[in-house]
Amino acid sequence: MATVAAVIASTHHPFYYRASTATGSDRPPFADEWQAKIEAFRATLERARPDVLVMVGSDHFHQLWLDNMPQFLIGKAPFYNANFYNEEREFGLPRMLLRGDEDLSAYLLRQGIDTGFDLAFSNELRVDHSITCPIITLRPQADLPIVPVYTNIFAPPMPQPARFVQLGQAVRAMVEAWPSDKRVAIIGTGHLSLELGGPRQFGPHGPDPDFDRKAVEWIATSDLKSALAEVSLDSLWQPGNATHGFMDFMLMMGVAGEDVTADYVDSLDLFHTMEAYFTWYPAGSGGTVAS
Amino acid sequence: MSKYLINKFIFTVDRDPDLVERYRADPEGTVAWWESEQAGLILNCPGPERSTWLAFDETERNALVTHDYVALLELGAHNFLVLTLFIALFERDYVEPLGFQREFAARLSHWSLPYPDIAT
């Protein structure tokens, strides 16, 4: 059976690429610290020696649109072109081409549908910065095949937070039962408190530092009980109008397992948002934080 | 009222560099052309299989023609779509980094929770 080599959750900040590649007077003052944190985080994936990456993210109205909006979708294609014109325009993100692992995609779709998730699929998916940001931060050589898992955290009506957790638990169980000798890292990105297109956007910190502190603690200890007790589709508007991306973190807590403390936790308070980085090495994965 | 159609306008303009420039330079002409030629196109269907029932009301059309992002948001347009397109349209006119984004926030400072409903 396959090995879950690492479970990794983080925010995805589309400005990292530009900040970390800027030089001279163009380089923002926070870039060095940010880059050092990202490089330490990247080492946590490297130590897991993955063969394939399951990548959980969310399309930001690029390919998926309101005339035909899936709640949960898995890509099944040999390749994924990546990043869109408006991401190049606003964030300076490069166009990319990622390989896909069609066997694992097919397996997750079949097993997922048979265990109660009526998953949508795509045989031609162009992925966006929710997946390319963690490639840039965690695996910039972009050399491993991926399986994209897209969630709707964007367009109401959305699935309930508990459903994200259940999907995460199902993905973990399915990968562990995959008849393969590969080492699979399951990586997902979301948001802490975030405001976009509202009065609290682009402030000196994220719009709700109290929520962020609580959320980091929930994730670090995979405290699903507290998170599910406090978080609802309605409540997530309060910390910021784009905070439903936190449900992708809840999905990843489902992948990590309830009450399983992360082996690596880091965060960075930036303008506009709190960045946070988490890695779990499941028992038997052979991974360890201390190298 | 059609939040969906406002979103569709923003979505289809934002993904096309030529249309972004055209909407910046000639909002009235672009909105009129789009409403008559493009509004009914179903994005994954051939042109003749278009919808025949989509139209802006006067308030919506006026908000688009005047580049009034506050009005668009208050009509329930999707916050991410509005922000992304208007950054493309107007960030270039501001000298300070994030100057446009901060002015955008300030122009919404009268808002309190709950914000306008974006459900479509």
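Above: the structure in question.
Below: a short report on this structure.

Basis of the calculations
Residues numbered from 1 in each chain as written. Chains lettered and ligands numbered in written order. Predicted model: local features only at pLDDT ≥ 70, side-chain atom pairs only at ≥ 80, totals over all residues. Heavy atoms only, no water. Salt bridge = Lys/Arg side-chain N within 4 Å of Asp/Glu carboxyl O. Helix = DSSP H or I, 4+ residues; strand = E, 2+ residues; numbered from the N terminus. Contact = heavy atoms within 4.5 Å. Buried area = accessible area lost by both parts, 1.4 Å probe. Buried < 20%, exposed > 50% of the residue type's maximum accessible area, 1.4 Å probe, protein only. Pairing = 2+ DSSP bridges. Axes fitted to C-alpha atoms, helices over the stretch in contact; angles between N-to-C directions.

## Quick word on the pattern of salt bridges
In total, this model carries 17 salt bridges over all chains according to the counting rule given. Here A:Glu88 ties to A:Arg95 by a salt bridge, and the two come within 3.0 Å at their closest N and O atoms. Linking B:Arg61 and B:Glu35 is a salt bridge whose minimum nitrogen-to-oxygen distance equals 2.7 Å. Taken together, the positions of B:Arg61 in helix H4 (residues 58-65) and B:Glu35 in helix H3 (residues 27-38) put the pair 26 residues apart, joining distant regions of the chain. Within this structure, B:Glu35, B:Glu58 and B:Arg61 form a network of salt bridges that share partners.

## A look at the interface of chain B and chain A
Taken together, the contact between chain B and chain A spans 33 residues of the former and 24 residues of the latter. Both faces combined, the contact of chain B with chain A buries some 2,700 Å², and carbon together with sulfur accounts for 65% of it. On the surface where chain B and chain A come into contact, there are one salt bridge. The partner of A:Arg89 in a salt bridge is B:Asp14, and the shortest N-O contact between them spans 2.6 Å.

## Some thoughts on unusual backbone geometry
All names here are of chain A. That bond from Pro156 to Pro157 is cis: its omega, 0 degrees, falls within 30 degrees of zero. As for its position among the elements, Pro157 is in the loop between strand E7 (146-151) and helix H6 (161-176). You will see that Arg49, though not glycine, has its phi angle at about 50 degrees, which is positive. By secondary structure assignment, the location of Arg49 is in the loop between helix H2 (31-46) and strand E2 (52-57). Phi angles above zero are rare outside glycine, and His272 is one such case at about 85 degrees. Within the secondary structure, His272 sits in the loop between strand E9 (264-270) and strand E10 (273-280). We classify His272 as buried; its relative accessible area is 6%.

## Structural notes on the environment of A:Ala120
Residue and element names in this part refer to chain A. Tracing the chain through its elements places Ala120 in strand E6 (residues 120-122). Residue class for Ala120 comes out partly exposed when judged on its relative accessible area of 23%. Distance from Ala120 to Tyr150, taken between C-alpha atoms, is 9.4 Å for residues 30 residues apart in sequence. Each residue touching Ala120, except ones within four places of it in the same chain, is listed here: Pro70, Phe72, Leu73, Ile74 and Leu109.

## Digging into the sheet that holds E7(A)
Within a sheet, each strand pairs with its neighbour through backbone hydrogen bonds, oriented either parallel or antiparallel. Residues and elements named next belong to chain A. What the eight strands build is an open sheet, ordered E6-E3-E7-E2-E8-E1-E10-E9; its pairing is mixed. The open sheet has two edge strands with one neighbour each: E6 and E9. With strand direction ignored, the average angle separating the axes of adjacent strands in the sheet is 15 degrees. Against the sheet, H2 touches strand E1 (3-11), E2, strand E8 (183-190), E9 and E10, its axis set at about 160 degrees to E9. Lying over the sheet, helix H7 (residues 209-220) contacts E9 and E10, oriented at roughly 10 degrees with respect to E10.

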